[in-house]
Amino acid sequence: MRKGFLALAGWVCLSVFPAQAQVTPQKIAAFNTAANSGDVAALKTAASAIIDGAIADPADARADRFVFEAAKTLCVKAGCEKTEAAKAHLIANKGQLKGVPQLSADLVTALIAFKEKSTKDSREALDAVLETYVGQTPDLLSVTAYAARYNEDIAEARWNSARASTLRAVKHLEAAKTEAPQLYYTARRVSLVAEFMADH
């Protein structure tokens, strides 16, 4: 059985990594406090400090994980703002990231590119990752990505695309419908609307 969605609720915590070098205990504490406070401005400042510090110290074995966790948190809580450097780092080190599943890194970089500018290419790139991610356990990043994708389709009245993106979200959230029913059934309702509009 796959690990439940709600069991991942405590994913924002960089303190599990012993602090040293450019990413100091103070930077980690500031990040964790901001991530749990709801203060988006403070989060952007603290996450940027984590990202910049980690990139500046590639010898630190935890650098890739720091960059990824900070970027992921910014995407979930701050609309992927202040993530340009993180995206560049994760793409430049594709296939060689330490402590970061490549599929998760692909998801965050595709989401960042999509949020920076929605184009045919950025939508298709995100769609490709989301299609691959369907069978993974839902987490806060994936829920954010699937919703961002189908919400834009609906806002732009791209109904055929919305039908595909909402069905993809429903399939992904199937595993979480007991623990997080609101997320699942919201996607189901939106999917029905998209299907109706695509057929009319």
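A few points on the structure.

The rules behind these values
- Residues numbered from 1 in each chain as written.
- Predicted model: local features only at pLDDT ≥ 70, side-chain atom pairs only at ≥ 80, totals over all residues.
- Heavy atoms only, no water.
- Helix = DSSP H or I, 4+ residues; strand = E, 2+ residues; numbered from the N terminus.
- Buried < 20%, exposed > 50% of the residue type's maximum accessible area, 1.4 Å probe, protein only.
- Contact = heavy atoms within 4.5 Å.
- Areas by Shrake-Rupley, 256 points an atom, 1.4 Å probe, with all protein chains shown as cover.
- Axes fitted to C-alpha atoms, helices over the stretch in contact; angles between N-to-C directions.
- Parallel < 35°, antiparallel > 145°, perpendicular 65-115°, else oblique.
- Left-handed = near helix turned anticlockwise from the far one by under 90°.
- Nonpolar A, V, L, I, M, F, W, Y, C, P; charged D, E, K, R; others polar.
- Lys, Arg positive; Asp, Glu negative; His and termini not counted.
- Salt bridge = Lys/Arg side-chain N within 4 Å of Asp/Glu carboxyl O.
- Polar contact = N/O pair within 3.5 Å; in protein donor to acceptor, adjacent residues only side chain to side chain.
- Phe/Tyr/Trp six-rings, centres within 6.5 Å; stacked < 30°, edge-to-face > 60°.

## Here we look at the overall build of the chain
Okay, step 1: A count of helical and extended segments in the chain gives nine helices and zero strands.
Okay, step 2: The order of helices and strands in the chain, counted from the N terminus, is α-α-α-α-α-α-α-α-α.
Okay, step 3: Counting only residues that meet the buried cut, the chain has 45% of its 200 residues in that class.
Okay, step 4: Within the chain, residue pairs in contact and separated by at least 24 positions form 62% of the contacts whose partners lie at least 6 positions apart.
Okay, step 5: Looking at the chain as shown, the accessible area adds up to about 9,900 Å², and 56% of this sits on carbon and sulfur atoms.

## A closer look at the packing of helix 3 (residues 63–78) against helix 4 (residues 84–92)
Angle between the axes and distance between the axes are the two parameters that describe a pair of packed helices.
Okay, step 1: Relative to each other, helix 3 and helix 4 sit at 135°, their axes nearing to 10 Å. Here helix 3 lies oblique to helix 4, going by the angle between them. In this structure, helix 3 meets helix 4 at a crossing whose hand is left-handed. Across the interface between the two elements, Asp-64, Val-67, Phe-68 and Ala-71 of helix 3 pack against Ala-86, His-89 and Leu-90 of helix 4.
Okay, step 2: Here the residues of the contact of helix 3 with helix 4 are counted per class, giving five nonpolar, one polar and one charged.

## Describing the environment of Val-193
Okay, step 1: Take Val-193: it is sitting in helix 9 (residues 181–198).
Okay, step 2: Residues Val-193 and Trp-159, spaced 34 residues apart in sequence, show a C-alpha to C-alpha distance of 9.0 Å.

## Structural notes on the environment of Ile-55
Okay, step 1: Relative to the helices and strands, Ile-55 is located in helix 2 (residues 40–55).
Okay, step 2: For Ile-55 and Ala-86, which are 31 residues apart along the polypeptide, the C-alpha to C-alpha distance reads 8.2 Å.
Okay, step 3: Each residue touching Ile-55, except ones within four places of it in the same chain, is listed here: Val-67, Ala-85 and His-89.

## Concerning the side chain of Asp-139
Okay, step 1: As for its placement among the helices and strands, Asp-139 is situated in the loop between helix 6 (120–133) and helix 7 (140–155).
Okay, step 2: There is no salt bridge for the buried Asp-139, and the closest opposite charge comes from Lys-72, which lies 5.8 Å off by N-O distance.
Okay, step 3: A polar contact is formed between the side chain of Asp-139 and the side chain of Tyr-133, at a distance of 3.4 Å.
Okay, step 4: Reaching out from Asp-139, the side chain makes a polar contact with the backbone nitrogen of Leu-141 at a distance of 3.2 Å.

## A look at the packing of aromatic side chains
Okay, step 1: Enumeration over the complete set of coordinates arrives at one aromatic pair.
Okay, step 2: Judged by centre distance (4.8 Å) and plane angle (80°), the rings of Tyr-184 and Tyr-185 are edge-to-face.
Okay, step 3: According to the relative accessible area criterion, Tyr-184 is buried, its value standing at 4%.
Okay, step 4: The exposure class assigned to Tyr-185 is partly exposed, which follows from its relative accessible area of 39%.

## What about the pattern of salt bridges?
Okay, step 1: Counted according to the given criterion, the structure contains 15 salt bridges.
Okay, step 2: Close ionic contact of Arg-65 with Glu-69 constitutes a salt bridge, the shortest N to O distance being 2.7 Å. Of this pair, Arg-65 and Glu-69 both sit in helix 3, four residues apart, roughly one helical turn.
Okay, step 3: According to the relative accessible area criterion, Arg-65 is partly exposed, its value standing at 28%.
Okay, step 4: Of the charged contacts, one joins Asp-106 and Lys-94 as a salt bridge, the two residues approaching to 2.7 Å between their closest N and O atoms. Residue Asp-106 is found in helix 5 (residues 102–116), and its partner Lys-94 is found in the loop between helix 4 and helix 5; the two are separated by 12 residues along the sequence.

Without other data, these values stay purely geometric and don't point to any function.
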